[in-house]
2 protein chains.
Amino acid sequence: MADGPTINTIAERAGVSIASVSRVLNGLPTRQETVRKVMAAADELGYVRNAVARSLKSRRTHQVAFAMADVGNPAYLAMLRQIQPVLKAAGYRLVLHSTDAVVADEIDVLHSLGERYVDGLIMSPLRVTEAHLQMLAAARTPVVIIGQVPDGTRVDNVRADSRTGVRLAIDHLYALGRRRIAMVNGPLDTVPGAARGAAYREALQDLGLPYDENLVQIGDFYRAEGGRAVAELLARVPDVDALMCANDLIALGALDVLRAAGRRVPQDVAVVGMDDTDLAAASWPSLTSVSLGSAERGKAAAELLLERLQGGDREPRRVTVPPELVIRASTAGEPVGPGGPGAGYGQRTDEGGKA
Amino acid sequence: MADGPTINTIAERAGVSIASVSRVLNGLPTRQETVRKVMAAADELGYVRNAVARSLKSRRTHQVAFAMADVGNPAYLAMLRQIQPVLKAAGYRLVLHSTDAVVADEIDVLHSLGERYVDGLIMSPLRVTEAHLQMLAAARTPVVIIGQVPDGTRVDNVRADSRTGVRLAIDHLYALGRRRIAMVNGPLDTVPGAARGAAYREALQDLGLPYDENLVQIGDFYRAEGGRAVAELLARVPDVDALMCANDLIALGALDVLRAAGRRVPQDVAVVGMDDTDLAAASWPSLTSVSLGSAERGKAAAELLLERLQGGDREPRRVTVPPELVIRASTAGEPVGPGGPGAGYGQRTDEGGKA
DNA sequence: TTGTAAGCGTTATCAA
DNA sequence: TTGATAACGCTTACAA
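All values derive from a computational prediction rather than experimental measurement. (Residues numbered from 1 in each chain as written. Chains lettered and ligands numbered in written order. Predicted model: local features only at pLDDT ≥ 70, side-chain atom pairs only at ≥ 80, totals over all residues. Heavy atoms only, no water.)

Student: Just give me the short version of the sheet that holds strand β6 (residues 181-185) of chain B, but keep the residues and values in it.
Tutor: Residues and elements named next belong to chain B. With mixed pairing, the six strands of this open sheet are ordered in space as β7-β6-β8-β9-β10-β12. Two strands close off the open sheet at either side, each with one partner strand: β7 (216-218) and β12 (324-326). For this sheet, the mean inter-axis angle between neighbouring strands, taken without regard to orientation, is 20 degrees. Alignment of strand β8 (residues 242-245) against strand β9 (residues 270-274), held across three bridges, turns out to be parallel. By the bridge assignment, leucine 243 is partnered in β9 with valine 271. Contacting β6, β8, β9 and β10 (288-291), helix α11 (residues 248-260) runs over the sheet at an angle of about 155 degrees to β9. (Pairing = 2+ DSSP bridges. Helix = DSSP H or I, 4+ residues; strand = E, 2+ residues; numbered from the N terminus. Axes fitted to C-alpha atoms, helices over the stretch in contact; angles between N-to-C directions. Contact = heavy atoms within 4.5 Å.)

Here it is, written out as structure tokens:
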């Protein structure tokens, strides 16, 4: 297979210099006749500009990287779905990294910015270590961090507010008359686990409800573990009337177990999840869930990055996306069929699978 | 912010030529003393090789593109999840394109291969047009197509077998004693709609069941539309005892409507979905679904591409991934709680959302 | 309006 | 073992 045509090939064919070819290709003032010849030659040869050579010269790749912890995690995918179109519209290609929840991989990605294969990076790290901060300070490439960074860190930063999110949910349950509100959490040594646990305690306090250790059950952020945790909880505290679950998968596990135990949801026990993933709308009863605004965070991050890419230097900015309580059947009242409250009709047609 | 160091900076600092620097960096035979000096200089300067310059010289970018129709579609995401680690392990970066189901965008992506910003492409087109075939024939970059291409097309090709998939489901329903098996399909002018509709008809025929037009309902591949279609169907054919749904979302809509109508699933009506998305395991009752092997197709495509990237030329290959019927509660018997059949425990911990 | 030539940061050839 | 030098394909002064 022969090599592809370059501006040299075209120049030769059109009988002009490579400079003229470049001018025509870039729409710089050129004699009509020359334009014609060059365009003709380019057309005939099926010429396409070499992006690598252009990048070397221009020092811009028109690529942006998004480093997420886990390609399988719906929260990151929600970000991805928003980031992609924003970048595409601005003429940037998206390079996707999955760091598999390994800190060393995240550092690798930051280090690789030195290779200059992207103009910018959006990263959503699990937690920000000292190593992260060092790399960030040294980076010559614009970075936007989705997550918590220490105050004063000079990076654009988009954050969620899971504390307020938990409070929204607890207030909602309280307003429904629930007073024995349990927390089913993931491990406390994770950032979300710790934050959500603390927020639960605070929210109870502000409502004047006692903090009862028996009402707190630690499991893991998966469905089966969530179910097990809830089973233990029910055995210990049979009079529990609401479950605040630290994510949607735990909540799904809770629904499984409550159903098996013959407890009606929401009549006997109300259930709230977090993250508002697709699964929340799909489950039955559909699941009330605290959206932490993954989609909005993705969008905000992409926009911050573009701003910096196009606008040049400015002070680092911080955006906090407010949480939102999405009320569905698991707390709202009677579980209902199509068209009823919380069935989620018409909300997410973007999930459609035609393949 | 000063420019980053290049081999020139290092050469100067180490007091050697750029050629020596390059040799050291590439591990070519060099005097120990020179190696030491160069490494020291590189370390002090925090030097990282410029990927763009290397690509220009080597004509390899170590990037591969994946063009999917829709970042929101779980089937493509399942592919992505498999493709990503395979490429990463082989040292390739992943460039993600979303063509938004627009044919012109797919052609654009194929055209952009001429820019040589990637070494290869995996594409999952909605349907393959004449324009696609022309671009493919002209492409100087290895391409793997996930989907149907005409026989004789000279591309690596990975395909599903939805025909056999539908048959598996119908056979399953038949074996359960169902005889009034309806088909709830999406639009017939889509590739999956047409294929699944035809396969339904064939499967009935082979089982000696009559093809009854009343049992076929066309809607769209979304939950609300699926629900509406099933409502119409129930009104017209009250004695239907099984629903073959053309995808999982339609099946979820079916569950909504059946529940509202007081029909028990699966006792009164059995329900089967297609694509085996996350939603199938999350719904209640959990949904029997035909997996078309999205994950396996993604993996196979990535492997085919790597083979060609690393191994050089060979004849185009075709891989067909067999479908698989994943039996859950919506056909299997009593809907059950945790631990019971079809509850999906321990199957998909990769979905866990900690964020 | 056009061509010559330098340069983007590498790698690789060829003499020394 | 090393350095000077020519690519890779493009953009852009600078001269003509």
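Next comes the rest of the description.
Student: How would you explain the pairing of strand β6 (residues 181-185) of chain A if you had to name every residue and give the values?
Tutor: Residues and elements named next belong to chain A. Across the five residues of β6, five count as buried, placing the element largely inside the fold. Side chains Ile181, Met183 and Asn185 of β6 all project onto a buried face; the interleaved residues Ala182 and Val184 project onto the opposite face, where all are buried too. Note: β6 against strand β7 (residues 216-218), three bridges, orientation parallel. Residue pairing in the sheet places asparagine 185 in a bridge with isoleucine 218 of β7. Once the chain exits β6 it traverses helix α9 (residues 191-207) before rejoining the sheet at β7, and the crossover so formed is right-handed. (Buried < 20%, exposed > 50% of the residue type's maximum accessible area, 1.4 Å probe, protein only. Right-handed = clockwise from strand over helix to strand, strands pointing away.)

Student: An account of the sheet that holds strand β11 (residues 318-320) of chain B is needed here, citing residue identities and associated values.
Tutor: An order of β11(A)-β5(A)-β4(A)-β3(A)-β1(A)-β2(A)-β2(B)-β1(B)-β3(B)-β4(B)-β5(B)-β11(B) is seen for the twelve strands of this open sheet, with the pairing classed as mixed. On the outer flanks of this sheet lie β11 (318-320) of chain A together with β11 of chain B, each paired with one strand and no other. Strand-to-strand, the axes of this sheet are offset by a mean angle of 20 degrees, without reference to chain direction. Examined bridge by bridge, strand β4 (residues 143-146) of chain A and strand β5 (residues 156-159) of chain A share three bridges and lie parallel to one another.

Student: Can you lay out the relation of the copies chain A and chain B for me, pointing to particular residues and giving the numbers?
Tutor: Between the two copies of this chain, the relationship is a rotation about some axis together with a displacement along it. Its rotation angle being 180 degrees, the transformation that places chain A on chain B also includes 0.1 Å of axial translation and leaves an RMSD of 0.1 Å. Seen this way, the second copy is the image of the first under a two-fold rotation axis. A share of 97% of the interface residues of chain A reappears at the interface of chain B, consistent with the copies meeting face to face through the same patch. (Least-squares fit on C-alpha atoms with pLDDT ≥ 70 in both.)

Student: Please give an account of empty space enclosed by the protein that cites residues and values.
Tutor: Tallying each qualifying case throughout the model produces seven cavities of 30 Å³ or more. The space that makes up the second largest cavity amounts to roughly 150 Å³. Taken together, the elements giving at least two residues each to the lining of the second largest cavity come down to α4 (51-58) of chain A together with α4 (51-58) of chain B. Of the residues assigned to the lining of the second largest cavity, the class counts are six nonpolar, six polar and two charged. (1 Å grid on protein atoms, 1.4 Å probe; cavity = no way out; pocket = protein on both sides within 12 Å on 5 of 7 lines; lining within 4 Å. Points joined across faces, edges and corners; volume = space filled by probe spheres on them. Nonpolar A, V, L, I, M, F, W, Y, C, P; charged D, E, K, R; others polar.)

Student: Quick one: what's the story with the domain arrangement of chain A, residue by residue and with numbers?
Tutor: In terms of domains, chain A is made up of domain 1 (7-58), domain 2 (63-159 + 294-321) and domain 3 (162-291 + 324-349). A straight line from the C-alpha centre of domain 2 of chain A to that of domain 3 of chain A covers 30 Å. (Domains from an automatic or database assignment.)

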